[in-house]
Amino acid sequence: MRSRAVALVIATAAVGLLATTGSAAASQGETVCTWGGTPAAPTGVATFSPGITNTPSTGPIQFTATGVLAGSGCTGKLTYTGYFEPGHTCALNTAFHAKVTGLPRVVRVEGQPGVAGTALALLYDADGNVVGSDQAQFLTTVANESDPGFMSCGTPQGLTEGFWSDTVELFASR
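By convention here, each chain's residues receive numbers from 1 onward along its written sequence. Only residues with pLDDT of 70 or above have their local features reported here, since the model is predicted, and side-chain atom pairs are shown and tallied only from 80 upward, although totals for entire chains, interfaces and linings are computed over all residues. Side-chain numbers come from the whole structure's heavy atoms, not from hydrogens or water.

Undergrad: In this structure, what is going on with the environment of Gln 62? I would like to understand it.
TA: A run of H or I in DSSP becomes a helix once it reaches four residues, and a run of E becomes a strand once it reaches two; helices and strands are each numbered from the N terminus. Tracing the backbone shows Gln 62 in strand E5 (residues 61–70). Taking relative accessible area as the criterion, Gln 62 reaches 43% and is therefore assigned partly exposed. For Gln 62 and Phe 96, which are 34 residues apart along the polypeptide, the C-alpha to C-alpha distance reads 9.5 Å. Apart from residues lying up to four places away in sequence, Gln 62 is in contact with Thr 47, Phe 48, Ser 49, Gly 82 and Tyr 83. Here's how the labels work: a residue is buried when its accessible area is under 20% of the maximum for its type, exposed when over 50%, partly exposed in between, all with a 1.4 Å probe on protein chains only. Should any heavy atoms of two residues lie within 4.5 Å, those residues are counted as being in contact.

The structure is reproduced here in structure tokens:
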């Protein structure tokens, strides 16, 4: 029985090592940046108008998200200016569309619907090509030091501003 457990651990480690090696090879030439700090120390600022609540929005919610880029080859300030489609809530997120400034080659972002502030967003160049992705997540959003952002969702004004962090990946240019 013990030898089966050891064999299972070795096989699992080997599969994990192969998956990691393949992923590293596939990602050569790509750039991964942090945007707006880290989950432990979020510094990005997002504003929403009207505020996001627990009740589905009846119209679009305008937003601006801005923060400093960091990482190998990542500098400057990145900003999204756009809107969430109607029906958006703190728990269930609708698709979003935004203009992008501050990231070379990228002019717009399109975010998919998600749950609790997480969603895949694709980054596009001026010709409409996908040139990167954004692993959007607002689970670390805080309205201020004593209020995690999601607590504002239950108020009439909703979440109107929060601090957050994110990860942005730019694919290798061809």
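Undergrad: Teacher, can you tell me more about the pattern of salt bridges here?
TA: Any two side chains of opposite charge can pair, so long as their charged atoms come close to each other. Throughout this description, the term salt bridge denotes a Lys or Arg side-chain nitrogen within 4 Å of a carboxyl oxygen of Asp or Glu. This structure, assessed with the given rule, holds one salt bridge. The shortest N-O distance in the salt bridge between Arg 108 and Glu 110 comes to 3.0 Å. Residue Glu 110 is classed as buried on the basis of its relative accessible area of 19%.

Undergrad: Any chance you could explain the state of the cysteines here in plain terms?
TA: In protein structure, a disulfide is the covalent linkage between the sulfur atoms of two cysteines. Any two cysteine sulfur atoms within 2.5 Å of one another count as a disulfide. According to the stated counting rule, one finds two disulfides in the structure shown. Between the sulfur atoms of Cys 33 and its disulfide partner Cys 74 the distance amounts to 2.0 Å. Taking the torsion about the sulfur-sulfur bond, which here is approximately -70°, the covalent link between Cys 33 and Cys 74 counts as left-handed. In this pair, Cys 33 sits in strand E1 (residues 31–35) while Cys 74 sits in the loop between E5 and strand E6 (77–84), placing the two residues 41 residues apart along the sequence. Accessibility classification places Cys 33 together with Cys 74 in one group, the buried group. Cys 90 shares a disulfide with Cys 153; S-S distance 1.8 Å. Where Cys 90 bonds to Cys 153 through sulfur, the torsion about that S-S bond is close to -85°, and the disulfide is left-handed. Highlighted residues: Cys 90 in the loop between E6 and strand E7 (92–93) and Cys 153 in the loop between strand E14 (147–148) and strand E15 (159–164), separated in sequence by 63 residues. With respect to burial, Cys 90 and Cys 153 carry one shared label: buried. Cysteine pairing in the protein chain follows 1-2, 3-4, where each cysteine in a disulfide is numbered by its order in the sequence.

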